[in-house]
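# A structural walkthrough
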Amino acid sequence: MRLLVVEDEVRLAEALRRGLQAEGFAVDIANSGTEGLRLAKESPYDVILLDIMLPGINGFKLCAMLRESEIWCPIMMLTAKDGELDEAEALDTGADDFLSKPFSFTVLLARIRALLRRSSPSRPAQLSVDDLILDPASHGVSRGLVEIELTSREFSLLELLLRRKGEVLTKSEIIEHVWDYDFEGDSNIVEVYVGYLRKKIDAPFGTKTIRTIRGAGYVIS
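Residues numbered from 1 in each chain as written. Predicted model: local features only at pLDDT ≥ 70, side-chain atom pairs only at ≥ 80, totals over all residues. Heavy atoms only, no water.

### Considering the UniProt feature "modified residue: 4-aspartylphosphate" (unreviewed entry) in the protein
UniProt's feature table lists "modified residue: 4-aspartylphosphate" (unreviewed entry) at Asp51, given in the numbering used throughout. Following the sequence through the fold, Asp51 ends up in strand β3 (residues 47–51). Take Asp51: its relative accessible area is 6%, and that puts it in the buried class. (UniProt positions renumbered as here; feature names shortened; annotations may be inferred. Helix = DSSP H or I, 4+ residues; strand = E, 2+ residues; numbered from the N terminus. Buried < 20%, exposed > 50% of the residue type's maximum accessible area, 1.4 Å probe, protein only.)

### Remarks on the domain arrangement of the protein
When cut into domains, the protein gives domain 1 (2–119) and domain 2 (127–220). Computed from C-alpha atoms alone, the centre-to-centre distance between domain 1 and domain 2 is 26 Å. Between domain 1 and domain 2, the residue contacts involve 18 residues of the former and 14 residues of the latter. Buried area between domain 1 and domain 2, both sides added, is near 1200 Å², and the carbon and sulfur share of it is 45%. (Domains from an automatic or database assignment. Contact = heavy atoms within 4.5 Å. Buried area = accessible area lost by both parts, 1.4 Å probe.)

### A short note on the sheet that holds strand β9 (residues 146–147)
On the basis of which strands lie adjacent, the open sheet formed by 4 strands has the order β6-β7-β8-β9 and antiparallel pairing. The open sheet is flanked by β6 (127–129) and β9, the only strands paired with a single partner. Contacts from helix α6 (residues 152–163) reach β6, β7 (132–135) and β8 (140–143) within the one sheet, and its direction differs from that of β7 by about 110°. (Pairing = 2+ DSSP bridges. Axes fitted to C-alpha atoms, helices over the stretch in contact; angles between N-to-C directions.)

### Concerning the sheet that holds β3
Spatial ordering of the open sheet is given by β2-β1-β3-β4-β5, a layout of 5 strands whose pairing is parallel. The open sheet has two edge strands, β2 (26–30) and β5 (97–100), and neither has a second partner. Averaged over all pairs of adjacent strands, the angle between strand axes in this sheet comes to 20°, irrespective of strand direction. One ladder, built from 4 bridges, connects β3 with strand β4 (residues 75–79); its direction is parallel. Each bridged residue has a counterpart across the sheet, and for Leu49 the counterpart in β4 is Met76.

### Some words on the nonpolar core
Grouped together as the largest cluster of nonpolar side chains are 46 residues, with contacts concentrated most on Leu20, Phe25, Ile112, Leu158 and Ile174. Ranked by residue count, the leading element in this core is α6, at 6 residues. Inspection of this core shows a minimum of three residues originating in each of domain 1 (2–119) and domain 2 (127–220). Discounting residues that sit within four places of it in the chain, Ile174 has contacts with Leu157, Leu160, Leu169, Trp179, Val190 and Tyr218. One finds Phe60, Cys73, Ala90 and Ala95 within the second-largest nonpolar core, a separate group that totals 22 residues. (Core = buried A, V, L, I, M, F, W, Y, C linked by side-chain atoms within 4.5 Å.)

### A look at unusual backbone geometry
Here the residue pair Lys101 and Pro102 is connected by a cis peptide bond, since its omega of -10° sits within 30 degrees of zero. As for its placement among the helices and strands, Pro102 is situated in the loop between β5 and α5 (105–118). Not every positive phi belongs to a glycine, and Glu70 is a case in point at roughly 60°. As for its position among the elements, Glu70 is in the loop between α3 (59–68) and β4. The residue His139 is not glycine, and still its phi comes out positive at about 60°.

### Examining the pairing of β5
A one-sided burial pattern is seen for β5, the buried positions being Asp97 and Leu99 and the unburied ones Phe98 and Ser100. With 4 bridges joining them, β4 and β5 adopt parallel strand pairing. Residue pairing across strands places Leu78 opposite Leu99, the latter belonging to β5.

### Points about the packing of α6 against helix α7 (residues 171–178)
At a minimum axis distance of 10 Å, the contact between α6 and α7 shows a crossing angle of 120°. Between α6 and α7, the interaxial angle falls into the category oblique. α6 and α7 meet at a crossing whose hand is right-handed. Facing α6, whose interface residues are Arg153, Ser156, Leu157 and Leu160, α7 presents Ile174, His177 and Val178. (Parallel < 35°, antiparallel > 145°, perpendicular 65-115°, else oblique. Left-handed = near helix turned anticlockwise from the far one by under 90°.)

### Side note on helix α8 (residues 189–202)
Structural remark: α-helix, 3.6 residues per turn; residues separated by three or four positions point the same way. Between its terminal C-alpha atoms α8 stretches 19 Å, which fits the 20 Å expected from 14 residues at 1.5 Å a residue. Taken residue by residue, α8 has Val190, Tyr193, Val194, Leu197, Ile201 and Asp202 as its buried positions. Each buried residue of α8 sits inside an arc of 125° when the element is viewed along its axis, so together they form one side. Buried residues along α8 sit against β7, β8, α6, α7, β10 (210–213) and β11 (217–220). (Expected span 1.5 Å × (residues − 1). Arc of directions from axis to C-beta.)

The following block contains the structure:
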């Protein structure tokens, strides 16, 4: 899943980037409200983490502008400690959730996963197809009783396909969610990673989970 972090405190933003990337997320950083607005309009995000005190455009105004632009991805506002008025205004301007600083990274991850479930047609804590199960919380994948080891990128790709189960995703759509804004490589990287996944989740079990729709993309159904 691809996240946008709009935070002007550089050390915090970079710490969030490192932590979230370690959990398999693709992460883009904006250090001002103006940059955050530009990135949010240029690329689709699965969740936006939005600080309030930002240069250029503050978080409240930016949240309202995103909703006015019909950008409906979940937004979590990062508010001041014990800031009840901030929390109320965050929800009133269109945010889906808020988290007070300082916060636990474990709690942040759990809230992000909750927002991802909330934005899906169905809201299972685990994602599955047949006997293949992906658990975003434990970062585990298994088929039947067999644990499957995936890299962070492979995990992110499989999670995206399972969250969009039944939808044919093009290479460009997959890159938009699994790779970050700075990716400038060949779109055939998607084909390479689909191949890696098939060798791990399908070949050893004699199954065919990921289908290639010629000229369109990839789907799990």
